[in-house]
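Structural characterization, general
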Amino acid sequence: MVLKVYGPHFASPKRALVTLIEKGVPFETVPVDLMKGEHKQPAYLALQPFGTVPAVVDGDYKIFESRAVMRYVAEKYRSQGPDLLGKTVEERGQVEQWLDVEATTYNPPLLNLTLHIMFASVMGFPSDEKLIKESEEKLAAVLDVYEAHLSKSKYLAGDFVSLADLAHLPFTDYLVGPIGKAYLIKDRKHVSAWWDDISSRPAWKETLEKYSFPA
Amino acid sequence: MVVKLYGQVTAVCPQRVLLCFLEKEIEFEIVHVDLDTLEQKKPEHLLRQPFGQVPAIEDGDFKLFESRAIARYYATKYLDQGTNLLGKSLEHRAIVDQWADVEAHYFNVLAFPIVLNLLIKPRLGEACDVVLVEELKVKLEVVLDIYENRLGSNRFLAGDEFTMADLTHMPAMGYLMRTDVNRMVKARVNMNRWWEEITARPAWKKLMKMAGF
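Residues numbered from 1 in each chain as written. Chains lettered and ligands numbered in written order. Predicted model: local features only at pLDDT ≥ 70, side-chain atom pairs only at ≥ 80, totals over all residues. Heavy atoms only, no water.

Observations regarding the sheet that holds strand 1 (residues 3–6) of chain A
Residue and element names in this part refer to chain A. With mixed pairing, the four strands of this open sheet are ordered in space as 2-1-3-4. The open sheet has two edge strands with one neighbour each: strand 2 (27–30) and strand 4 (61–64). The average undirected angle you get between the axes of adjacent strands in this sheet is 20 degrees. In the sheet, strand 1 pairs with strand 3 (residues 55–58) via three bridges, with the strands oriented antiparallel. Residue pairing across strands places Y6 opposite A55, the latter belonging to strand 3. (Pairing = 2+ DSSP bridges. Helix = DSSP H or I, 4+ residues; strand = E, 2+ residues; numbered from the N terminus. Axes fitted to C-alpha atoms, helices over the stretch in contact; angles between N-to-C directions.)

Encoded structure:
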């Protein structure tokens, strides 16, 4: 039985999808219609009790939280594809550090921009201009730290690409595209070079090609 | 050489790491970084933690920040010593990771601003955002219902043993329980049972003593 990823068209599930593709793991996807509220129905809540995407089912085994899924896949398929966890316990520690930075520090302001610029009208709430401005400033300050770090390190956790880099792909893709704030990335020399590198990886291109939100 | 933890013993994120050290019986040294005087934003600390936060660790040449990453590192490095915080199999470990991530994304986002407004701001002479706190409490009730359900069929969050998933909740929960939010936990049979059990652990009691409680 093949591993299933629920909600592939949305950003967070793409963290799981790109990891599966990098590791060459076969999988299927199951669309979840957020607009119709499918994620709040009992059938979906049985898979993910917080009603968010993704959820993953691997035979009898269920797991949610996109970064937990990334870790699971990277660990289970350690011996195939690139080693996305580093080679030593210390390298793994660096991967975990930047994965947590993405989750606690990078993604929250970026998520605000995503919701208020891309989805406010569709979801029917007023777009908060003050929050957009504050979030943009916060994200800029975070990216200044990234710029300094990436001037000394090719990838976030060292000289190897890891889960920490991949975790940034889905929402940063929104940032340089539909959110319309590519300058935040492009105006920073090392962040820009890092972004060009990771976003041109074949696994990411395949993720976008197959699972972009239908127009 | 003993690992140095830069932070404040009363702060939530350093406590997460300290609790891990205590559960794993790892020797450590605390180097106090004074949050009340914003020492964490000063150049010396920014060299250790470029986002201006606590904690950060230095273990010989090895440096790390982000409390959950630090806890995972030590839980992995000292897997066979003290409490096993990471589960018994790959699948179990992933469930531990799942609920540890839930703490960061669903629980802490509500708990932290509640604690900030109800406990920290008054101490610093700042005004509490009462409206925000009420909104957050409503959201927290929904999240706690999910935990209540989970703990109805599981002794601990990731199964029948205490793991990182439970540990990572404890520092912020400890402060929440010092506010009127404690009635939300006490009103839920399974959550109450879980909280009583995990706070009876010797490592937690040691941490509370270190923090002056």
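So, the side chain of K23 of chain A
Topologically, K23 of chain A is positioned in the loop between helix 1 (11–22) and strand 2. Within polar-contact distance, the side chain of K23 of chain A engages the backbone oxygen of Y77 of chain A at 3.0 Å. (Polar contact = N/O pair within 3.5 Å; in protein donor to acceptor, adjacent residues only side chain to side chain.)

Examining the interface of chain A and chain B
Listed per partner, the contact involves 31 residues of chain A and 29 residues of chain B. In this assembly, chain A packs against chain B so that about 2600 Å² is buried in total across both faces, 66% of it on carbon and sulfur atoms. Contact with chain B buries area across many residues of chain A, yet F50, E65 and Q97 of chain A alone supply 22% of it, more than any other trio. Counting across the chain A and chain B interface gives four salt bridges. A salt bridge links R71 of chain A to D101 of chain B, with the nearest nitrogen and oxygen atoms 3.3 Å apart. The interface formed by chain A and chain B contains 14 residue pairs in polar contact (both at pLDDT 80 or more). (Contact = heavy atoms within 4.5 Å. Buried area = accessible area lost by both parts, 1.4 Å probe. Salt bridge = Lys/Arg side-chain N within 4 Å of Asp/Glu carboxyl O.)

A closer look at helix 7 (residues 169–176) of chain A
Counting buried positions along helix 7 of chain A yields six of eight residues, so the element is predominantly enclosed. L169, P170, F171, T172, Y174 and L175 of chain A are the residues of helix 7 of chain A that are buried. (Buried < 20%, exposed > 50% of the residue type's maximum accessible area, 1.4 Å probe, protein only.)

Things to note about the packing of aromatic side chains
Overall, the coordinates contain 28 aromatic pairs over all chains when judged by the stated rule. Between W98 of chain A and F65 of chain B, the aromatic rings sit 5.9 Å apart at their centres with planes inclined by 75 degrees, giving edge-to-face as the arrangement. Residue W98 of chain A is found in helix 4 (residues 89–123), and its partner F65 of chain B is found in strand 4 (residues 62–65); the two belong to separate chains. On the basis of an interplanar angle of 25 degrees and a centroid distance of 5.4 Å, the ring pair of F21 of chain B and F28 of chain B is categorised as stacked. The class for F21 of chain B is buried, based on a relative accessible area of 0%. By relative accessible area, F28 of chain B is classed as partly exposed at 22%. Cluster of aromatic residues (ring-pair linked, three or more members): F50 and F64 of chain A together with W99, Y106, F107 and Y147 of chain B. Stacked on the ring of F213 of chain B, the Lys or Arg R178 of chain B has its end atom at 3.9 Å from the ring centre. (Phe/Tyr/Trp six-rings, centres within 6.5 Å; stacked < 30°, edge-to-face > 60°. Lys NZ or Arg CZ within 6 Å of the ring centre and 35° of its normal.)

Comments concerning the pattern of salt bridges
Should the charged atoms of two oppositely charged side chains come close, the side chains can pair. The tally for this structure, following the rule as stated, stands at 36 salt bridges over all chains. A salt bridge links R15 of chain A to E102 of chain A; the shortest N-O distance between them is 2.9 Å. Of this pair, R15 of chain A sits in helix 1 while E102 of chain A sits in helix 4; the two residues are 87 residues apart in sequence, bridging distant segments of the chain. E102 of chain A matches R15 of chain A in its accessibility class, with the two residues each being buried. Of the charged contacts, one joins R123 of chain B and D36 of chain B as a salt bridge, the two residues approaching to 3.5 Å between their closest N and O atoms.

Observations concerning the pairing of strand 4 of chain B
Residue and element names in this part refer to chain B. Strand direction decides the pairing type here: strand 3 (residues 56–59) and strand 4, joined by four bridges, are antiparallel. Directly across from I57, in strand 4, lies its bridge partner L64. Taking the residues between adjacent antiparallel strands as the criterion, strand 3 and strand 4 are bridged by two residues, where G60 takes a positive phi near 65 degrees.

What about the sheet that holds strand 3 of chain B?
Residues and elements named next belong to chain B. One open sheet accounts for four strands, arranged 2-1-3-4; its pairing is mixed. The sheet is open, and its two edges are formed by strand 2 (28–32) and strand 4, each paired on a single side. For this sheet, the mean angle separating the axes of adjacent strands, direction not counted, is 20 degrees. Strand direction decides the pairing type here: strand 1 (residues 3–7) and strand 2, joined by five bridges, are parallel. Paired with G7 across the two strands is H32, which belongs to strand 2. Here helix 3 (residues 67–77) sits on the sheet in contact with strand 1, strand 3 and strand 4, set at roughly 135 degrees to strand 4.

Points about the state of the cysteines
The tally for this structure, following the rule as stated, stands at zero disulfides over all chains. No disulfide involves C20 of chain B; its sulfur sits 14 Å from the nearest other cysteine sulfur, which is in C13 of chain B. (Disulfide = S-S within 2.5 Å.)

Focus: the environment of K138 of chain A
Along the chain, K138 of chain A falls in helix 5 (residues 129–150). With a relative accessible area of 55%, K138 of chain A lands in the exposed category.

Here's the deal with the UniProt feature "domain: GST C-terminal" (unreviewed entry) in chain B
As annotated in UniProt, the feature "domain: GST C-terminal" (unreviewed entry) corresponds to residues 89–213 of chain B in the numbering used here. With 75% helix and 0% strand, the stretch residues 89–213 of chain B has end C-alpha atoms that lie 36 Å from each other. (UniProt positions renumbered as here; feature names shortened; annotations may be inferred.)

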